[in-house]
Amino acid sequence: MMCGMIRRNRTTGELAYYRCWSPAPVPPATLVRVAGSRWRVEETFRAGKGLAGLDEHQVRRFTSWSRWVTLAMLAHAFLAVVRADEHARHPASDGLIPLTCNEIQRLFTAIVRPMCAVTHRLGWSAWRRRHQARARASHYRRQAANQT
């Protein structure tokens, strides 16, 4: 079954058009959920490129490309699992945001290739996450004020 959807951006009013197909009729809520999952997929690819070097291989042969992509996906999965575990064990507290994949990658790199003391890196990470928590709270307050 072929159908189309139109999504309007709440802030800019810009329209996005989707063309959908399914072998059987599905409710509109399912189409909206599937269309919205596209952004998660794109964000995952973007994160894989930035964090795990998914796009840094020069393709010469399929074998080397598949090994590189497998290794990059494994590294990204490692970061995602550690992040999920940290979010489950330590929800946002003490004025810090939970660890992000970017922060886990920085800390992991700092531990593997220490250029300065680990305590310095951990202190820097806490300062950075505290600053991000303040910026996030300020952003949410400004958004809430603009919507009323």
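Our subject is the structure that appears above.
Here the residue index of a chain counts from 1 through its sequence in written order. The model is predicted, so local features are restricted to residues of pLDDT at least 70 and side-chain atom pairs to those at 80 or more, both for listing and for counting; the totals for chains, interfaces and linings are taken over all residues. Only hydrogens and water are set aside; all other atoms, that is, all heavy atoms of the structure, feed into the side-chain values.

> Requested: an account of the overall build of the chain, with residues and values cited.
The secondary structure content of the chain amounts to four helices and two strands. Secondary structure is summarised from DSSP: a helix means a run of H or I of at least four residues, a strand means a run of E of at least two, and numbering begins at the N terminus for each. Counted from the first residue to the last, the chain has its helices and strands arranged as β-β-α-α-α-α. Radius of gyration means the value over C-alpha atoms here, while the globule rule gives 2.2 Å times the residue count to the 0.38 power. For 148 residues, the compact-globule estimate of 2.2 N^0.38 gives 15 Å, and the C-alpha radius of gyration of the chain, at 20 Å, exceeds that figure by more than 25%. In terms of principal-axis extent, the alpha carbons of the chain reach across some 60 × 55 × 30 Å. Exposed residues in this analysis have more than 50% of their type's maximum accessible area, buried residues have under 20%, and partly exposed residues fall in between, with area computed by a 1.4 Å probe over protein chains only. Across the 148 residues of the chain, 19% fall into the buried class. When checking whether two residues touch, look at their non-hydrogen atoms; a contact exists if any pair is within 4.5 Å. Contacts spanning at least 24 positions in sequence make up 34% of the contacts within the chain whose residues lie at least 6 apart. Distance between charge centres in the chain, computed from 24 positive and 9 negative side chains, equals 3 Å. Charge assignment in this entry is limited to Lys and Arg as positive and Asp and Glu as negative, and neither His nor the chain termini are counted. Lysine's charge is taken at NZ, arginine's at CZ, aspartate's at CG and glutamate's at CD.

> Lay out the pairing of strand 1 (residues 2-8) with the relevant residues and their values.
Paired strands, as defined in this entry, are two strands with at least two bridges between them according to DSSP. The pairing of strand 1 with strand 2 (residues 15-21) spans seven bridges and is classified as antiparallel. Across the sheet, Met 5 pairs through a bridge with Tyr 18, a residue of strand 2. Counted along the chain from strand 1 to the antiparallel partner strand 2, the turn is six residues long, and its residue Gly 13 has a positive phi close to 80°.

> Can you explain helix 1 (residues 28-52)? Please cite residues and give values.
Take the residue count of a helix, subtract one, and multiply by 1.5 Å to get its expected span. When the terminal C-alpha atoms of helix 1 are compared, their 36 Å separation across 25 residues agrees well with the 36 Å that a helix rising 1.5 Å per residue should span. When helix 1 is considered as a whole, its buried residues turn out to be Leu 31, Ala 35, Gly 48, Leu 51 and Ala 52. Close packing links the buried residues of helix 1 with strand 1, strand 2, helix 2 (62-89) and helix 3 (101-112). Backbone geometry just downstream of helix 1 places Gly 53 in the positive-phi region, at approximately 70°.

> Summarise the side chain of His 76; cite the residues concerned and give the values.
Residue placement: His 76 occurs in helix 2. Once residues within four sequence positions are removed from consideration, His 76 is found in contact with Thr 44, Ala 47, Gly 48, Leu 51 and Ala 52.

> Just give me the short version of the packing of aromatic side chains, but keep the residues and values in it.
The criterion for an aromatic pair is that two Phe, Tyr or Trp rings (for Trp, the six-membered ring) have centres within 6.5 Å, with stacked assigned to planes under 30 degrees apart, edge-to-face to planes over 60 apart and tilted to the rest. Under the counting rule described, the total for this entry stands at two aromatic pairs. Judged by centre distance (5.7 Å) and plane angle (40°), the rings of Phe 62 and Trp 65 are tilted. Taken together, the positions of Phe 62 and Trp 65, both in helix 2 and three residues apart, correspond to about one turn of that helix. You can call Phe 62 exposed: its relative accessible area is 61%.

> Explain the packing of helix 1 against helix 2 to me, and be specific about the residues and the numbers.
In this description, a line fitted to the C-alpha atoms serves as the axis of each element, helices being fitted only across the stretch in contact, and the angle between N-to-C directions of two axes falls anywhere from 0 to 180 degrees. Between helix 1 and helix 2, the shortest axis-to-axis distance is 9 Å and the interhelical angle comes to 100°. Compared by their axis directions, helix 1 and helix 2 come out roughly perpendicular. Touching Thr 44, Ala 47, Gly 48, Leu 51 and Ala 52 of helix 1 are Ala 72, Ala 75, His 76 and Leu 79, all from helix 2. Looking at the contact of helix 1 with helix 2, its residues break down into six nonpolar, three polar and no charged. Any angle from 65 to 115 degrees is called roughly perpendicular, while one under 35 is roughly parallel, one over 145 is roughly antiparallel, and all others are oblique. Residues were grouped as follows: Ala, Val, Leu, Ile, Met, Phe, Trp, Tyr, Cys and Pro as nonpolar; Asp, Glu, Lys and Arg as charged; and all remaining residues, including Gly, as polar.

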